[in-house]
Amino acid sequence: MAIKTIGVLTSGGDAPGMNAAIRAVVRTAIHNGINVKGIMRGYAGLLQEEIVDMDSTSVSEIIHRGGTILYTARCQEFTTAEGQKKGAEICRKHGIDGVVVIGGDGSFQGAGKLSALGINTIGIPGTIDLDIACTDYTIGFDTAVNTAMEAIDKVRDTSTSHERCSIIEVMGRNAGYIALWCGFANGAEDVLLPERYDGNEQVLIDRIIENRKRGKKHHIIINAEGIGHSTSMAKRIEAATGIETRATILGYMQRGGAPTCKDRVYASIMGAKAVELLLAGHSNRLVAYKNGEYVDFDIQEALAMTKDIPEDQFRISKLLVR
Ligand code: ADP
Ligand code: F6P
């Protein structure tokens, strides 16, 4: 059956570039003579029937804006079989034959369930965490690391002036990609990744003392959210080294702001590809960027994949710091 109407929703944590993806979905659909409905607030809005018609002008003036014009939410009800059945029925009631889901792994689980219930679904990876295994790129990561990098540069200035040690906590849920990239980009003395950190604070303390003896004016430790406890870590390090140590938790600033060029471009291409997959009759697929190409994967196969911090990159990040 030919697709006549598609829905688009954003779900889970927002990410800069989601608006560019929504714009691409809407404009590609319209270009192909397909109607588009915006489903507000992710699966929560679907179950509440918060569904609006979209046209080309609905997505004007948004490509440069952070956040998501469709809003986002987490929805417990949709994790239940009854919730998913209700969601599929609501799609049918509104004539929605296919849904583009922009989000992370949890959102894709939901997309897989909708697909099994007869609603064609395509996922687009949108998360600052870069933690989706099937893809080398997730929308929002580039903006988030640039925001974090600039903030860390600023903390570094004041750390140097006061000759302090600084622990700066970056987001990433259980993944250390934002931390690793900031480690490189900010020339941090230490980077603590959930995938690698063994909890040995004595090694950190010894390095801080050694660096101070060599005349270093600051010591920047980038700590990933998945390790956390930056404030108590700072207190223990100050007590052990005698060097003033402060913790800064960057928090939600990393999720906002105008998307970088890279996020806008990847989001635009992924949004268009998602609609093209629906038009070609595909369902239960994720758009991904792998080894320099835009590709797509079966949702369950993609969710079963794992990825890890590249060991070589971690090794190099450490050897560059003196
Ligand atoms: P993300 O998509 O960023 O990983 P979450 O894990 O919070 O974010 O998932 C977003 C939403 O996706 C959840 O609030 C829920 O509505 C839906 N979801 C998550 N897991 C499942 C599941 N196993 N089955 C159906 N829906 C799910
Ligand atoms: O997935 C994006 C993210 O910002 C993670 O880095 C973080 O762990 C989480 O979302 C925070 O979620 P919430 O908005 O529920 O606090």
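Owing to the predicted nature of the structure, the values given are computational and were not obtained by experimental measurement.

(A) Quick peek at the overall build of the chain. Scanning the chain from N- to C-terminus turns up 11 helices and 11 strands. Taking 20 Å as the expected radius of gyration for a compact globule of 322 residues, we find that the chain reaches 22 Å, a close match to that expectation. The C-alpha extent of the chain, read off along each of the three principal axes, is 70 × 35 × 35 Å. Relative to its full complement of 322 residues, the chain shows a buried share of 53%. Partitioning the intrachain contacts of the chain with sequence separation of at least 6 by distance along the chain shows that 74% fall at a separation of at least 24. Accessible surface for the chain amounts to roughly 14000 Å². Of this, 50% is attributable to carbon and sulfur atoms. For the chain, the separation between the mean place of its 36 positive charges and that of its 39 negative charges on side chains is 2 Å.

(B) Structural view of the sheet that holds strand β7 (residues 190–192). As summarised here, the arrangement of the four strands in space is β7-β8-β6-β9, forming an open sheet in which the pairing is parallel. Across the chains shown, the open sheet's two edge strands, defined by having one partner strand only, are β7 and β9 (245–249). Averaged over all pairs of adjacent strands, the angle between their axes in this sheet comes to 15°, without regard to strand direction. Packed on one face of the sheet, helix α6 (residues 177–186) meets β6 (165–170), β7 and β8 (219–224) and runs near 160° to β8.

(C) Quick peek at the site of ligand 2. All residues adjacent to ligand 2 are R74, T127, I128, D129, M171, G172, R173, E225, Y252 and R255. Within the side chain of E225, an N or O atom sits 2.8 Å from an oxygen atom of ligand 2. The contact in question runs from an oxygen atom of ligand 2 to an N or O atom on the side chain of R255, over 2.9 Å. With the chains in place, 79% of the 400 Å² that ligand 2 exposes on its own is no longer accessible. For the shell around ligand 2, the class distribution of residues is three nonpolar, two polar and five charged.

(D) Looking closely at the nonpolar core. I6, I152 and I178 are the most contacted members of the largest nonpolar core, which has 60 residues in total. What I152 contacts, discounting residues up to four positions off in sequence, is I168, V170, C182, N186, I220, I222 and L250. Core analysis: the second largest hydrophobic core is formed by 25 residues, L46, I132, L286 and F297 among them.

(E) The pattern of salt bridges, seen in detail. In the structure shown here, the tally under the stated rule is 19 salt bridges. Salt-bridge contacts for E201 lead to R236; the nearest nitrogen and oxygen are separated by 2.6 Å. Placement of E201 in helix α7 (residues 201–213) and of R236 in helix α8 (residues 230–241) is noted, with a sequence separation of 35 residues between them. Among the charged side chains, a salt-bridge network with shared partners connects R164, E238, E244 and R246.

(F) Geometry of the site of ligand 1. Surveying the vicinity of ligand 1 reveals 16 residues, the closest of which are R74, C75, G104, G106 and S107. Note that an oxygen atom of ligand 1 is positioned 3.0 Å from one of the backbone N or O atoms of G106. One of the side-chain N or O atoms of K113 is found 3.4 Å from a nitrogen atom in ligand 1. Within the complex, 81% of the 560 Å² of free accessible area of ligand 1 lies under protein. Residue contributions to the shell around ligand 1 peak at six residues, all from helix α4 (residues 105–116). Split by residue class, the shell around ligand 1 holds three nonpolar, 10 polar and three charged.

(G) Highlighting the sheet that holds strand β4 (residues 98–103). On the basis of which strands lie adjacent, the open sheet formed by seven strands has the order β3-β2-β1-β4-β5-β10-β11 and mixed pairing. Looking at strand neighbours, the two that pair on one side only are β3 (51–54) and β11 (293–298), the edges of this open sheet. On average, each strand axis in the sheet is tilted by 30° relative to the strand beside it, whichever way the strands run. The pairing of strand β2 (residues 35–39) with β3 spans four bridges and is classified as antiparallel. Across the sheet, the residue bridging to K37 is D53, located in β3. Lying on the sheet, helix α9 (residues 261–279) is in contact with β1 (5–10), β4, β5 (120–125), β10 (285–290) and β11; it crosses β5 at an angle near 165°.

(H) Representation of the packing of aromatic side chains in the model. Applying the stated rule across the entire model yields six aromatic pairs. Arranged with centres 4.2 Å apart and planes meeting at 40°, the rings of Y137 and Y266 form a pair that is tilted. Placement of the pair is Y137 in the loop between β5 and α5 (141–162) and Y266 in helix α9, with a sequence separation of 129 residues. According to the relative accessible area criterion, Y137 is buried, its value standing at 4%. Centroid distance F141 to W181: 5.2 Å. Interplanar angle 85°. Geometry classified as edge-to-face. Placement of F141 in helix α5 and of W181 in helix α6 is noted, with a sequence separation of 40 residues between them.

Calculation rules
Residues numbered from 1 in each chain as written. Chains lettered and ligands numbered in written order. Predicted model: local features only at pLDDT ≥ 70, side-chain atom pairs only at ≥ 80, totals over all residues. Heavy atoms only, no water. Helix = DSSP H or I, 4+ residues; strand = E, 2+ residues; numbered from the N terminus. Rg over C-alpha atoms; globule rule 2.2 N^0.38 Å. Buried < 20%, exposed > 50% of the residue type's maximum accessible area, 1.4 Å probe, protein only. Contact = heavy atoms within 4.5 Å. Areas by Shrake-Rupley, 256 points an atom, 1.4 Å probe, with all protein chains shown as cover. Lys, Arg positive; Asp, Glu negative; His and termini not counted. Charge placed at Lys NZ, Arg CZ, Asp CG, Glu CD. Pairing = 2+ DSSP bridges. Axes fitted to C-alpha atoms, helices over the stretch in contact; angles between N-to-C directions. Near = heavy atom within 4 Å. Polar contact = N/O pair within 3.5 Å; in protein donor to acceptor, adjacent residues only side chain to side chain. Nonpolar A, V, L, I, M, F, W, Y, C, P; charged D, E, K, R; others polar. Core = buried A, V, L, I, M, F, W, Y, C linked by side-chain atoms within 4.5 Å. Salt bridge = Lys/Arg side-chain N within 4 Å of Asp/Glu carboxyl O. Phe/Tyr/Trp six-rings, centres within 6.5 Å; stacked < 30°, edge-to-face > 60°.

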